[in-house]
Structures are given as C-alpha cells and as structure tokens.
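Coordinate analysis (summary)
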Amino acid sequence: MQDMENLSDVSHLVNEIKHKKLYNSLDIALKTEELLEKLISHDQWKSARELMKLVKSRIKFIRKDLPTETTATSIMRHILKIIREEYESAAKKKGEGQSLHQLVTANSSDILDYSENLGSLRSSILDHLGEYKVEIESSSDNIAAQASEHIHTDEMIMTVGKSNTVEKFLKTAAKDRNFKVVVVEGAPFYYGHSMAASLAKSNIQTIVIPDSAVFAMMSRVNKVIISTHTVLANGGLRAASGIHSVALAAKQFSVPVVVLSHMYKFTPLYVVSNNHEAFNICASPADVIPPSAGKILNDIDVYNPIFDYVPPELVTLFISHQGGNAPSYVYRLLSELYHQDDYDV
Amino acid sequence: MEKPNNENKKDKQGPDGLTKKERRALKVNARPSQTNQAAGEHAQKPLTNTNAQPGDTIVQTQTPVVNSKSLTEKELRRLEWAKKLEQEKKSNEGDKNLSKAEMKAKRREKQEAQRQQKSEQVKTNVSAEKCEPVTIKEIIKKPSSNKKVITPKKKHKVTEPHVVQLVQHLYNEDSLKQEDTLMILHHDIHPAFVRLGVQYSSKVILGSNARCLALLAALKLLVNDLKSPQKQEFCRYLENVLQVSTNYLNKCRPFAVSMTNALRYFKLQLTQIDTNLKDIEKKAKLQDIIDTYIDDDISKAGVAISMKVREKISNGDVILTYGCSSLIRKILLEAHADGKVFEVIIVDSRPLLEGKELLRRLVVAGVKCTYVLINSLSYIMNSVTKVLLGAHALLTNGYVMSRIGTAQVALVAREYNKPVLVCCETYKFSERVQTDSFVYNEVGNPDALSTTHRNDITPLSNWKDSLNLTPLSLLYDVTPPDFVTAVVTEIAILPCTSVPVVLRINASETT
C-alpha cells in the first residue's frame, strides 16, 4: 500500500472538504495549489512524466471520494498543463539546434514523451505555480473590478444565497452607483440571510424574499447576478438548488443572467441532466422537515438536493477575471485552461 | 418628517438627555400640568396628520364616527396619545417637567423639518410618507446631536424605512393588529365579526375557502342577532351594519376575492327581499340564502370538481401539489378513498409552510407522500406526471391568482412538459384583470422571514436596526395562462381564457 501512503496529503484535503472545514471554493483552490507546490518541491520525481503521474493519481483519488468536487481537480488539471508547458519550453531550449525538417518529420510520440530529465524543470514549474497562485488570489478582485461595467444606476439586481464573489462584486459596484439588491434567502440553508445582512451593512438597499417570491419579483428585476459551483463544458451550470427555477423565471421575463465564476470553476465535464448520478448530492432532510415532526417521518420521503443543473441557454454571460464570455465560448476557455489529454484523467 | 427623528431618540429619554439651555428653561417656567397636556395636544396634532382639522379635540374621539377611514384612524391615534398623556400625568412629577421639555424640542424640531422641506422642495402633504430613507437619515443626523425627545408613536416610525417602494401601496400601516385595539374601537360591531377579524389578522383562518365560509357563518349570526330600530326597515339597517362590519374586517386583512364575491351575492339578494315580510321571516329567508350559497357554490362545487379530477387521476400517477389548498386536499383524499393508487409530492415554501398540514392529513389517510421545499422543484419535477394546483381567484384575463410560489411551480412544470391543472370553484372567478403580482397583493409579516425552524436568531434578526435591510413577504402571485393546461371547475374543464364567459353566464343566471 505504498500508493496510499503517498496519497496521505490528498486524503487529508478530501477529509477537510468532506467535513466542511474547507467550504469556500477559493480556500479549496488555494489549499490544492499549496498541496501540489509541496509535492513538486519535495517529492522525488525525476521527469515530467513521473510528476504528471503523481498529480493524476491525486485527481483520481479525489474523483473517487468526492465526485462532485471539481475545484480541486480543476486546479490540478491546470497544473498538469503548466507542467506540460514548462517541459515543452525547456525541451525546446535544449534542442534549439533542431531544424525545421526534424520538427516536421519527428514522430509525434517523440514530442509528447515527457520522460526526459531536465534539471531546470522543477524551478521553472515552481515559478509558474507562484504566478498561478497570485492569479487565483486576485481573481475575485479582478472580477469585482468589472462591476461598474455591468451595473448601472438604480438597477434592481437579484441574487440567490451567498457567494463571496457576488458579494464583493456588488459592494464594489455600490461604491459609485446606487442600486437595489433582491436576495433570495435560499431555504433550507438560508445563506441569503447573511448575504443580505452583509450587503445592507455596506449601504446597499437590500430586500430579502423567500424562494417562492422569485417569479413575482422577477418582473421588476433588471439583472440576475449569481455565482455557481461548477461551469460545465457545454456552458451549463451546476449551481445551488433553486437556481434553475430562478433562471427559468429570468428567461420568462427576458432578464439577463450573469454568472460570476473563477477560472477554476470551469470543468471539462459534460452533464446534461439533473438526475445524473455523479451530478447531485442530497443533504440531510432535517433541514427541510425537523426530526421533531415525529412518527410521520416513517411514512414519507424527503429530499434536500444541493445542486441544480442549469442549461446553457438560460445563462447570458460568464464573467471571469479575464472578462465576459458567452456560454458558447466555454469550450475555448477550457482548451486554454487544460490540456486536451487531461480532460479525462 | 419629524417621525423618524423622534424614533431615533425614543430610548434616550430622561432628564440627562436635555441640553443645559433646556434645563434652565425648565426651571424658569414650571407650569401646572393642565397646560402641559394642552400643549401636548397641540404639538401632537401636526405630528399625527398634516391635514388634521383644528377643531378636532380628544372629546370627539370618544364617539365612534365611521364616516371615513382616515378619520377613524386619526382618532385612534389621538386616543392613544391622550391615554399616554394621562398615564404620564399620574406617574410622577419628574415626567411632567420632561414632557414640557419634550414640547419645546418637538417644536424646534418641527421648525427644522419645515426648513428642510422648503429646501428640498417637497410637497407638504406627501412629506413623511414618501420620503426616501436616504433623506431621512440626513435629517436624523442633524438634530440628534443636541436634542433628545421621547415619542409616543413607536410602531409607525420603525416600519417607515423598511418599505419596499415597489409595493408601498400594499403596506397598511394603520391596519389593526393588536387584539385589544380591535375590541376598544368597535363596540358597535357584532362579536362574531370582531372575533373573525382577529382570526383573519392572526392568520388562524387561512385559505380563501375557509375565510369565505367563516365570513358566511359570521354573517348568519349577525342576521340572527340583529334587531332593527323601530322606524328602519330591516334589510336597509342590515346593509348599514354590514358596511361597518366589513370595513372593519377589511382593516384586519384585505378581503379575499371569494369573500368579495360571496358578499356581493348576499347584498344583491338583500335588495331583492320582499319588504312586506316580517323581520323574522326576512331573517329566515336571508339565512336560507346563505345556506344555499354555501351548499351550492362551495360544497357541491367542490364535490363536482373532485369527481372531475378523479377521472383524470390514473393508477400509478405521481401528482405534485403546492402548499395546502383545501380543495386539492379534498380531491386527493377522495381519490385515495376511491381506490386510486397514486403518489403525491408536496412542494412547500416558507414562511407559511402550509404543506405540512396537507402532508399530515395525507399520511394519516395512507397516501404515499414526498415532501420537498420549492428549491428542489427542478430535481423532483422529472418524476411527476401531473401537477394539481389550488387558486385564490381566477382573473378575467385568464391569469390565476394564488398563493405565492404557484407561478414558479407552474413555470417549472411547463419547462418539463407536465400538465398543470388548476382547481377552482367558479365563485372565485373575478372580474379583476391583472398582469403582475404587485398591484393587488398583500404583504405578510416580515418577521416570519427572519427566523428559521432551526434557530430563532439569524443574521436577519435585527433587520429593524438597519435602514437598508427589508424582508419582503408577499402573499400572492399571478400565474400567466400559458403555464396552465386547464382549469377544473364545477361546470367543466376549461381553458383559462374562459373566465369571462363563465362570469357572463353566471351573471345572467343570478339576475
């Protein structure tokens, strides 16, 4: 079981996520990045291929234990691409003498064989990782900086539940614009309550509504600004449950749905149904109906799903730190983020 | 404009709160308490209502005049104020002096508010009500630094910044909430109506059918107990009494469409009664009319609808329903008793969580049930075969008015191509037309939103302290007709657009 020992770092991460010690996606992202940084700097790997194998085994581990956790795997996938890039540039430097003829006639397996032992590889990857870490950390600031391009004066904006990215976005916009925010409370978890309290503290006019009032309010809403758990490869979302009906109502009233997303939330995953096995998980039904309800609980089914699938046609815009993109462009962002060969580890 | 100002300082009462200048003034002209009271009255008048008539005094308020809504409200406020003054007078000497200072502070404050008003070019009669919270805050900041004032009007001002402008017209600030005020004010209203009013406002009686039945029951009691004065004709007198009673009920909670329709029918019958009959015969006839209405338009209609829907339920169906409609409950229970094998998914939502009641009843009857909150709609909708919804009213333009959330359920059902059946007796059809959920609606208790079943203390708990935070709980929404497959009525299964036809036929039948 040498394999398991080596994976102790990642199993620790999985445990922390499982027990909600790490809840925030940004925290998970940073923790994952640190984990890989440690792995790369301390572990005894000889070639890029070995290193990639180590990373891939970690991705597999996470996918097995937490099929719905995508942030950590996305970070790892992106780092795989970084390794590939660094290897290629290092290999190119070394073989500068290669002629065009050699390049053309070269066997494809030669180019993609990451087995060469390059001395400078470790440090160059670590350098690149440092940059990546800064990018992750500043991502939500960069998203928030675009707020004034999307919110005009006296708007009515709807958001669902709580998201740090959305919160920062709205607060940044509120610095020089007056607008109102309608917060959907998001029963049975009620994250919307703390969101609303926090927005109100920053002098934003905030209205809290129950989930049932979404359709009624939507006719007066100018924009729906939400965050998501995952952006799927087709441009759809895996978002908090209830967002699908919010998006449907928005479509009914032609209200644009803007999704704020960090780059690490984009995944090469295709899921096109709510009932996909790996797609959804259900939380404790005690949030829906208290155990004090008594005997009646023996005879009923209670569901408390966490996620909703939102098809891409209901999403108007994605905003990442690189700017805005339509859902139809997600495939292209993915190919910039991850290497084709790593889509399915 | 003084109102939020006073509010800000309500808890800082006491002699410490006075400036030196004021304290000095106090010592110099200490006056007998009577003048205090008189002064209090004068200062209070512009506070309560800008267009108060100068002739109105406290004495007048003892006689219950009900010619206009605004007048009674005014009087109620003044009555409260007079009571408060008397209490203060009795309590101790110190308070007397304080109230003197209070008057001064108020006067100064008033001047300042007026100045503010001029500078802002706000029309005087719209001042307090329509002022934006932002401007209110500005005013608060200014005087609070040097003056402390006690105010007897608390409830009024707390709610002021917490009004969603969109539905400002729905807030009924002077609606009667506490039981005791209900009792004091209206001794000329039949106790059955007073009780009914309390039950409505505390939401003990919920649902448009239940509310209508309760109203009719109270009406029967009223008819039975009423004695007309010597010279007045019974029916005319009853009309007057009824007007007063319904005004009162409307204040407790706005009328449901079902209640309006039932009442209109009753009034119409009232005009058609033979005036030559004896009072006792009229009474019997009127009670008979009410009984027939309950029997035909509510009970039998329910039975007919139940039969029609039962035909549409087949074995193995999974029926989704929302909230707890009395009619849907009846339909499901009867279909189950009839031997149909089906499952029910009950979708529920905060803050009322009515669905739990339906769940309990169905489980007791042995129906297999699933219970989810409204956020899980998309998750559960795939397994559904039919959606059954109750209605508060059907509007002439085909929109369905129902408990908040119904539109969302219908929307998701349409997305998944599930048939949506709305069950509604024709007595709930309304001539009203409406396309949004704001014009005619009710605002529920915002405090219900700030607590959850798990903990009473949430980040929202002290929303009243924050000027920017407003929980909004609407009670109804309207569902566009394109989400509704069909409406099941006692007459037939119809498309939504047939509402005006039904109304026309019903009208021609009754007259």
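The sections below set out a description of the structure shown in this document. These numbers were taken from a predicted model, which means no experiment stands behind them. (Residues numbered from 1 in each chain as written. Chains lettered and ligands numbered in written order. Predicted model: local features only at pLDDT ≥ 70, side-chain atom pairs only at ≥ 80, totals over all residues. Heavy atoms only, no water.)

**Here we look at the overall build of chain A**
Using the following cut-off: The secondary structure listing takes helices from DSSP runs of H or I that are at least 4 residues long and strands from runs of E that are at least 2 residues long, numbered from the N terminus. Relative accessibility under 20% of the residue-type maximum defines a buried residue, over 50% an exposed one, and the middle range a partly exposed one, all with a 1.4 Å probe and only protein chains included. Should any heavy atoms of two residues lie within 4.5 Å, those residues are counted as being in contact.
Tallying secondary structure elements over chain A gives 14 helices and eleven strands in all. Here chain A, with 345 residues, has 54% of them falling under the buried criterion. Across chain A, contacts joining residues at least 24 apart in sequence account for 77% of those joining residues at least 6 apart.

**Thoughts on the side chain of T70 of chain A**
Residues and elements named next belong to chain A. Looking at where T70 falls in the secondary structure, it is placed in the loop between α4 (48-65) and α5 (71-94). Under the relative-accessibility criterion, T70 is labelled buried at 4%. Dropping the residues within four chain positions of it, T70 is found in contact with H229, T230, R238, Y264 and T267.

**Looking at the interface of chain A and chain B**
Counted only if it meets this: Summed over both partners, the accessible area (1.4 Å probe) lost when two parts come together is defined as the buried area. A pair is scored as a salt bridge if a Lys or Arg side-chain nitrogen falls within 4 Å of a carboxyl oxygen belonging to Asp or Glu. Counting of polar contacts relies on pairs of N or O atoms within 3.5 Å, with two restrictions inside protein: one atom must be capable of donating a hydrogen and the other of accepting it, and residues adjacent in sequence are counted only when both atoms are side-chain atoms. Each residue gets one label: Ala, Val, Leu, Ile, Met, Phe, Trp, Tyr, Cys and Pro are nonpolar, Asp, Glu, Lys and Arg are charged, and the others, such as Gly, are polar. What makes two strands pair is DSSP finding at least two bridges between them.
Contacts between the two partners involve 52 residues from chain A, matched on the other side by 56 residues from chain B. Counting each side, the surface lost to burial between chain A and chain B is near 4,600 Å², with a carbon and sulfur contribution of 62%. At the boundary of chain A and chain B, one finds three salt bridges. Linking D301 of chain A and K368 of chain B is a salt bridge whose minimum nitrogen-to-oxygen distance equals 3.1 Å. Inspection of the chain A/chain B interface yields 21 residue pairs in polar contact (both at pLDDT 80 or more). Of all the secondary structure elements, the ones that give two or more residues to the side of chain A that touches chain B are α11 (191-201), β3 (205-209), α12 (214-218), α13 (243-252) and β8 (300-302) of chain A. Partitioned by chemical class, the residues of the side of chain A that touches chain B number 29 nonpolar, 15 polar and eight charged. Bridging between β8 of chain A and strand β3 (residues 368-373) of chain B involves three bridges; their strand directions are parallel. Paired with I300 of chain A across the bridge in β3 of chain B is C369 of chain B.

**Concerning the sheet that holds strand β4 (residues 386-390) of chain B**
Under the convention used in this document: Note on geometry: axes are C-alpha line fits, over the in-contact stretch for helices, and angles between N-to-C directions span 0 to 180 degrees.
One open sheet accounts for eight strands, arranged β8(A)-β3(B)-β2(B)-β1(B)-β4(B)-β7(B)-β10(B)-β11(B); its pairing is mixed. A strand with exactly one partner marks an edge of an open sheet, and here the two such strands are β8 of chain A together with β11 (493-494) of chain B. Note: strand β7 (residues 420-423) of chain B against strand β10 (residues 486-488) of chain B, three bridges, orientation parallel. Directly across from C423 of chain B, in β10 of chain B, lies its bridge partner V488 of chain B. On the sheet, helix α15 (residues 279-312) of chain B packs against β1 (317-322), β4, β7, β10 and β11 of chain B and is oriented at approximately 130° with respect to β10 of chain B.

**Describing the sheet that holds strand β8 (residues 469-471) of chain B**
Paired through backbone hydrogen bonds, the strands of a sheet run either parallel or antiparallel to each other. Reading across from one edge, β11(A)-β10(A)-β7(A)-β4(A)-β1(A)-β2(A)-β3(A)-β8(B) is the order of the eight strands in this open sheet, with mixed pairing throughout. Strands with a single pairing partner mark the edges of an open sheet, and in this sheet they are β11 (323-325) of chain A together with β8 of chain B. Neighbouring strand axes in the sheet, compared pairwise and without regard to direction, differ in orientation by 25° on average. One ladder, built from five bridges, connects strand β2 (residues 180-184) of chain A with β3 of chain A; its direction is parallel. Bridge pairing in β3 of chain A places V181 of chain A opposite T206 of chain A.

**A word on the packing of helix α13 (residues 234-252) of chain B against α15 of chain B**
Residues and elements named next belong to chain B. Worth spelling out the cut-off: Here the word oblique covers every angle except those under 35 degrees (roughly parallel), over 145 (roughly antiparallel) and from 65 to 115 (roughly perpendicular).
For the pair α13 and α15, the least separation of the axes is 10 Å and the interaxial angle reads 55°. Judged by the inter-axis angle, α13 sits oblique to α15. Contacts from F234, C235 and L238 of α13 reach α15 at D279, K282, K283 and L286. Considering only residue class, the contact of α13 with α15 consists of four nonpolar, no polar and three charged.

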